[in-house]
Structures are given as C-alpha cells and as structure tokens.
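The chain contents come next:
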Amino acid sequence: MMKIDKAPVPLILPDPHDPRLTEAVSGTDQTGAAVKISVPVERPLTLYLNAQEIVTVMTIGDYPEYLALGYLLNQNMLKYDDVITEVEYDDDLQVVVVRTEHHTNFEQKLKKRTQTSGCAQGTAFGDLLDAVENVTLPKSVLRTSWLYQMTRTINTMPSLYLEAGAIHGCVLCKEGTPLCYTEDVGRHNAVDKIAGWIYRHGVETGDKILYTTGRLTSEMVIKTVRMGIPILVSRSGFTAWGVDLARQVGLTLVGRARGKRFIALSGQDRIVYDQNLAFVEEESARHQRKGADSDS
C-alpha cells in the first residue's frame, strides 16, 4: 500500500536482471539449431478509481502504482491538484485501487473512447484535447550538447530492451541527465509510469525533457503537454497530427534522434546549436533499436 504524502525523489533506472520482468524461452534459429532467449513478460493489471473499474492494461508489471496514477492523470480522470488518499496494489489479484477524497464517476466518459495508435494500451478519452487547449508551456531552450549527451547515455546504459528486446522506453531528463527511465511493452504505459512518478514526488517539469523510443503521435504529444514538459524527443518519427498539436501548444518536438542526426519540426527557435558534431559518435550497431532504419 502506498500512502500519498511527501517522499524522497528516487532515481529510477531499468533493472534488466529483475527475474519478474523476463522469461527464458526455447526455440530454434534459422539453421535449425536450438536457442534460448529472454523475452519480456506481459501480465494484466486492472485499475480502479475508488469503486469504479476503469481499465485493464497489459504491462510488464513493475511500478504498478506509478502506472495507475499516471494513466488516470493522463486520461484527465485525475487533476494534479486532486487529493489522493491512498494507492493500494494487490499483487495476487493484479489490481491497483486509487482512492481520492472526492467522489468520482466516469461511467459516461468510459463510453466515449477514441482508438489511438498506441500499442498494448492505446485508448484516449474524448476530452483529452480540451484538457490541453489552454496549456502554456515554458519556453525552455534545448541545447544540442544536452541532446547528444542524453541519447548516448540512454542508448548505452543497461536496459530491458538490450536484455530482451520487444519493449519501449521513456526517460525524463534534466539537461542531458536521465532522472526517471521506465520501460514497458507499450510506450504509453512507460510514459504513464513517468507521469505517476512526477505526481507522487512533486517533481517540477518546466525544465525537463521527455525522451521516448516510440513514434511522436498525437497522444504522446498530449501526454507530454499534460505533464507540463516543454521538450519531447524521440529516436522514431512523427505523425502529422502529432506535429500539428505540438506547434499549437508550443512544444519543442525532435524526432529521428540517432547518433549525430535529428529533425526538429516544432519549437526549432528554442534549439541552441552548441555541440561540435565532429565530437559526436554515430550510433553503434549494438545499440540500434527498432526504428533505426524506419519510423516504427
């Protein structure tokens, strides 16, 4: 059980050797030889807000409390000034219950869904766009020296992706330093965990950068804006609506960030080109992720 009160801010990094997160599976390779590989697990997690069942998501199972809080915040079912009295997780039942001081009822809202491009979770509710219409993001600068430091650090640190693949990552950074690195089978689960971590520990977001391995879609942009983060970076590509929304709200949007390369399609005026590219290495083959040759 997790009480909502002031708590130290923990540094969260991937633990690729956590035995709960992967399974060893036997098979054969292209030559017919026997092989054994590690693959990420998937398990259902059901989220309740007070007495109401909200959704069941497929997740690797770490940080369930952060995932529940972040999901509800990013779906606009919770506000950042709401008083949450308790978050209760039952490992046997795979259930998280978030309890608030005030009454909640989202029966009508749950009937109005938009299927989105996210994997493993991917449902957004109808008023998410309304929730970001009046948001004003800080006009934070992005130094290219931070960008290259950040992407190199993320790509070379131990992770579940490098251990087992088939997984997405999201990282909250300050300048070039990762602060909170989460992974999951769906990129939206990973970013929801970060949103829950931010809320739980009262982390200031106006000077932060969000990095994702997934596509820069409309929903990813909306969730970044909901968290008050002014800069969103991905190693993958863009969707047209994602770019349009980023431009409307003043989000700095950088994609295809691999090695020396990147493309900015929103907020380019806030990028400071202070890194000499002669001292930036290209991405090594070992650390190339899904999407290195296409916008996955």
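In what follows, the structure referred to is the one given above.
Before going into details, it helps to say that this report is about the structure given with it. Residue positions are counted from 1 within each chain, in the order its sequence is given. Only residues with pLDDT of at least 70 get local features here, since the model is predicted, and only at 80 or more are side-chain atom pairs given and counted; chain-wide, interface and lining totals rely on the full set of residues. By convention in this description, side-chain values take in all heavy atoms of the structure and omit both hydrogens and water.

**Observations regarding the packing of helix 6 (residues 187–201) against helix 7 (residues 218–226)**
Two elements in contact, helix 6 and helix 7, have axes separated by 11 Å at closest approach and are oriented at 0°. Taken together, the axes of helix 6 and helix 7 are roughly parallel relative to one another. Here R187, H188, V191 and D192 of helix 6 lie close against helix 7, whose contacting residues are E219, M220 and K223. Only Asp, Glu, Lys and Arg are considered charged in this grouping, and only Ala, Val, Leu, Ile, Met, Phe, Trp, Tyr, Cys and Pro are considered nonpolar; every other residue, Gly among them, is considered polar. Classifying every residue of the contact of helix 6 with helix 7 gives two nonpolar, one polar and four charged. Lines fitted to the C-alpha atoms define the axes, with helices restricted to the stretch that makes contact. Angles between their N-to-C directions range from 0 to 180 degrees. Note on conventions: DSSP H or I runs of at least 4 residues are helices, E runs of at least 2 residues are strands, and numbering of each starts at the N terminus. When an angle is under 35 degrees it counts as roughly parallel; over 145 it counts as roughly antiparallel; between 65 and 115 it counts as roughly perpendicular; any other value is oblique. Residue contacts are defined here by distance: any two heavy atoms, one from each residue, within 4.5 Å place the two residues in contact.

**Thoughts on the pattern of salt bridges**
We count a salt bridge whenever a side-chain nitrogen from Lys or Arg sits within 4 Å of a carboxyl oxygen from Asp or Glu. For the structure on display, the rule yields twelve salt bridges. Note that R152 and E281 form a salt bridge whose closest N and O atoms lie 3.3 Å from each other. Of the two residues, R152 sits in helix 4 (residues 144–156) while E281 sits in the segment after strand 16 (271–272), which places them 129 residues apart along the sequence. The buried label applies to any residue whose accessible area, calculated with a 1.4 Å probe on protein chains only, is under 20% of its type's maximum; exposed applies above 50%, and partly exposed to all values in between. Classification of E281 as exposed rests on a relative accessible area of 55%. Taking the shortest distance from any N to any O, the salt bridge between K223 and D192 comes out at 3.0 Å. Highlighted residues: K223 in helix 7 and D192 in helix 6, separated in sequence by 31 residues. A residue is classified by how much of its surface remains accessible, and D192, at 0% relative accessible area, is buried. The structure contains a network of salt bridges with shared partners spanning D62, D184 and K193.

**Topic: the side chain of D82**
Along the polypeptide, D82 turns up in the loop between helix 1 (64–74) and strand 5 (84–90). K79 is the oppositely charged side chain nearest to the buried, salt-bridge-free D82, at an N-O distance of 5.7 Å. The definition of a polar contact used here is a pair of N or O atoms within 3.5 Å, where within protein one atom must be able to donate a hydrogen and the other to accept one, and adjacent residues in sequence count solely through side-chain atom pairs. For D82, the side chain forms a polar contact with the main-chain nitrogen of K79, separated by 2.7 Å. Look past the residues within four positions of D82 in its chain and what remains in contact with it is M77, H102 and Y199. For the purpose of charge, His is not counted, nor are the chain termini; Lys and Arg are scored as positive and Asp and Glu as negative.

**Here we look at the sheet that holds strand 4 (residues 52–59)**
A sheet is described by the order of its strands in space; here four strands give the open sequence 4-3-6-5, paired in mixed fashion. Across the chains shown, the open sheet's two edge strands, defined by having one partner strand only, are strand 4 and strand 5. Mean inter-strand twist for the sheet, computed between neighbouring axes without regard to direction, equals 15°. Sheet topology places strand 3 (residues 43–49) next to strand 6 (residues 95–100); four bridges connect them, and they run parallel. Bridged to L47 within strand 6 is V96. Criterion used throughout: strands pair if DSSP finds at least two bridges between them.

**Some details on the packing of helix 1 against helix 6**
Axis separation between helix 1 and helix 6 bottoms out at 6 Å; the angle between their running directions is 95°. It follows from the interaxial angle that helix 1 and helix 6 lie roughly perpendicular. Facing helix 1, whose interface residues are Y66, L67, L69, G70, Y71, L73 and N74, helix 6 presents N189, V191, D192, K193, A195, G196, W197, Y199, R200 and H201.

**Comments concerning the sheet that holds strand 14 (residues 252–258)**
Note on sheets: strands pair through backbone hydrogen bonds, and any given pair is parallel or antiparallel. Pairing in this open sheet of six strands is mixed, and the strands run 11-10-12-13-14-15 from one edge to the other. Each end of this open sheet is capped by a strand with a single partner; those strands are strand 11 (177–184) and strand 15 (261–266). Neighbour-to-neighbour, the strand axes of this sheet turn through a mean angle of 20°, independent of strand direction. Looking at chain direction, strand 10 (residues 168–174) and strand 12 (residues 208–212) are connected through five bridges and run antiparallel. The residue of strand 12 that forms the bridge with C173 is I209. Taken strand by strand, helix 7 contacts strand 12, strand 13 (231–234) and strand 14, and its axis lies near 145° from that of strand 13.

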